[in-house]
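Summary of the model geometry
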Amino acid sequence: MACLLVISHTVAWADTTNSVANTPGTTPNYSLLEQPYVSRTWVDTFEDQLDKRVAVNIFDSFMSSQANVRWTRTIGKEGYRANDAYAHAGRSALQHSLQSSIRETIVQSVPGVIESKNWFSRLFVGSLAHTTESSIRPAGITPIAAQMSWWDDTLSKNQVSYGSRAIDGDYLYLDSRFGHWGNDNRSVGVALLRLDGDLFSLQSKAEAQVSFFLPWSSTLTAGVSYMITDLHDSNKGLEWSVGLTHVISKRRYTTSAAYLALSTNTESHALLAQGGLNLFW
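A brief structural summary.

Turning next to the packing of helix α1 (residues 42-63) against helix α3 (residues 82-109). The contact between α1 and α3 brings their axes to 8 Å, and the two run at 150 degrees. The handedness of the crossing between α1 and α3 comes out as right-handed. Among the residues forming the contact of α1 with α3, the class breakdown is 12 nonpolar, 12 polar and two charged.

Below, the structure written as structure tokens:
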């Protein structure tokens, strides 16, 4: 078992001018991203999408306390070889940002496709866009920026989304907000389900995650991943995680959050307890 506590001085993005934290689900604007402006050109839309995604991906890859823990463990195991992993992480973050921005821009540029209630249009939009879902690791200690961005995206859609992620790894997904607290139209939480069947490697896997929006700007998230079949390995891997996130304060472009998380991986027989404080001052 490894137990790590990291306090880091980091900067994240938020879309509210209020310095008081809002509970997730209270409003659809629970994002680490600047509120997008209305754009009339394809280039402006792409630039807006790219700015938001680079901010989240770079923050989670290098600046957050989770990233500090991850790189500390990597350097401890790999030594100087960790430099290659560091460079690869930067390249992957930029590549993912670029691909997601292009896909979101294409969907937003097709008149009426986002507003359509037709199941085929929703399948097209869900497969090509809503790219925040692809950054979520249901059974892992999910980076805070990616998690909040997905929460905001799921809450703002106000409907079930589904699609095929042939570009991101050939899996099917479904996500949705659910329930309401009292009469204030505040969502109870959001849920994600993935089914991955890889014909080339003869593997199939099921993943699920659910986040409950609690009082005092806190969120409880639980996730699980189970390898249903793997003809190359008789050990069917089960992974799970439980985490609690509390938003301390939110301002325009910045946010401060604390988190505690516990996860396990049967393949490496490791139990990891992790806590951190992402602060801006």
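Further notes follow.
Here we take up the side chain of S134. Structurally, the position occupied by S134 is in the loop between α4 (119-128) and α5 (144-157). Once you skip the residues sitting within four places of it in the chain, S134 turns out to touch H96, D168, Y171 and R194.

With 14 residues, α5 should cover 20 Å at 1.5 Å per step; its first-to-last C-alpha distance of 20 Å lies within 8% of that length. Taking burial as the measure, the 14 residues of α5 include 13 buried ones, the bulk of the element. Among the residues trailing α5, N158 stands out with phi positive, at a value near 55 degrees.

In this section: the packing of aromatic side chains. Given two aromatic rings, their pairing is described by the distance between the two centres and the angle made by the two planes. Taken as a whole and assessed by the stated rule, the structure comprises seven aromatic pairs. Relative to F212, the ring of F178 lies with its centre 5.9 Å away and its plane at 85 degrees, an arrangement referred to as edge-to-face. Separated by 34 residues along the polypeptide, F178 in strand β3 (residues 171-181) and F212 in strand β5 (residues 203-214) bring together distant segments of the chain. With relative accessibility at 33%, the residue F212 sits in the partly exposed group. Here the aromatic cluster, defined as three or more aromatic residues joined through ring pairs, consists of F62, W71 and Y86.

Looking now at the nonpolar core. Note on soluble globular proteins: their nonpolar side chains tend to be buried together. Formed by 14 residues in total, the largest nonpolar core has its most connected members in I144, M148, W150, W151, V190, L192 and F213. Elements supplying a minimum of two residues to this core: α5, β3, β4 (186-198) and β8 (254-265). Counting residues per element, this core draws most heavily on α5, which supplies five residues. Ignoring any residue separated from it by four or fewer positions in sequence, one finds V190 in contact with W150, W151, T154, L155, S176, R177, F178, Q209, V210, S211 and F213. V107, V113, V125 and A129 belong to the second-largest nonpolar core, a separate cluster that totals five residues.

What follows deals with the pattern of salt bridges. Summed over all chains, the structure comprises eight salt bridges. In this structure, the salt-bridge partner of E133 is R194, at a minimum N-O distance of 2.8 Å. Of this pair, E133 sits in the loop between α4 and α5 while R194 sits in strand β4, placing them 61 residues apart in sequence. D175 is the salt-bridge partner of K157, the closest N and O atoms lying 3.3 Å from each other. Here the residue K157 occupies a position in helix α5, and D175 occupies one in strand β3, the gap between them amounting to 18 residues. Neither K157 nor D175 differs from the other in exposure class; each is buried. Via salt bridges that share partners, E133, R165, R194, K205 and E207 belong to a single interconnected network.

This next bit is on the environment of S263. By the secondary structure assignment, S263 is in strand β8. A relative accessible area of 11% means that S263 is categorised as buried. Taking the C-alpha atoms as reference, S263 lies 6.7 Å from G140; in sequence the two are 123 residues apart. Among all residues touching S263, those that are not within four sequence positions of it are A139, I141, W240, S241, A270, L271 and L272.

Let's shift gears to a nonpolar patch on the surface. Taken together, the side chains of F212, L220, V224, Y226, I228, L238, W240, V242, L244, L260 and L262 present a nonpolar region at the surface, about 850 Å² in accessible area. Only β6 (218-230), β7 (238-251) and β8 provide two or more residues apiece to the nonpolar patch. On the secondary structure map, W240 appears in strand β7.

Cut-offs used in this document
- Residues numbered from 1 in each chain as written.
- Predicted model: local features only at pLDDT ≥ 70, side-chain atom pairs only at ≥ 80, totals over all residues.
- Heavy atoms only, no water.
- Axes fitted to C-alpha atoms, helices over the stretch in contact; angles between N-to-C directions.
- Helix = DSSP H or I, 4+ residues; strand = E, 2+ residues; numbered from the N terminus.
- Left-handed = near helix turned anticlockwise from the far one by under 90°.
- Nonpolar A, V, L, I, M, F, W, Y, C, P; charged D, E, K, R; others polar.
- Contact = heavy atoms within 4.5 Å.
- Expected span 1.5 Å × (residues − 1).
- Buried < 20%, exposed > 50% of the residue type's maximum accessible area, 1.4 Å probe, protein only.
- Phe/Tyr/Trp six-rings, centres within 6.5 Å; stacked < 30°, edge-to-face > 60°.
- Core = buried A, V, L, I, M, F, W, Y, C linked by side-chain atoms within 4.5 Å.
- Salt bridge = Lys/Arg side-chain N within 4 Å of Asp/Glu carboxyl O.
- Patch = residues over 30% accessible without salt bridge, like charges linked within 9 Å, V, L, I, M, F, W, Y side chains within 5 Å.
- Areas by Shrake-Rupley, 256 points an atom, 1.4 Å probe, with all protein chains shown as cover.

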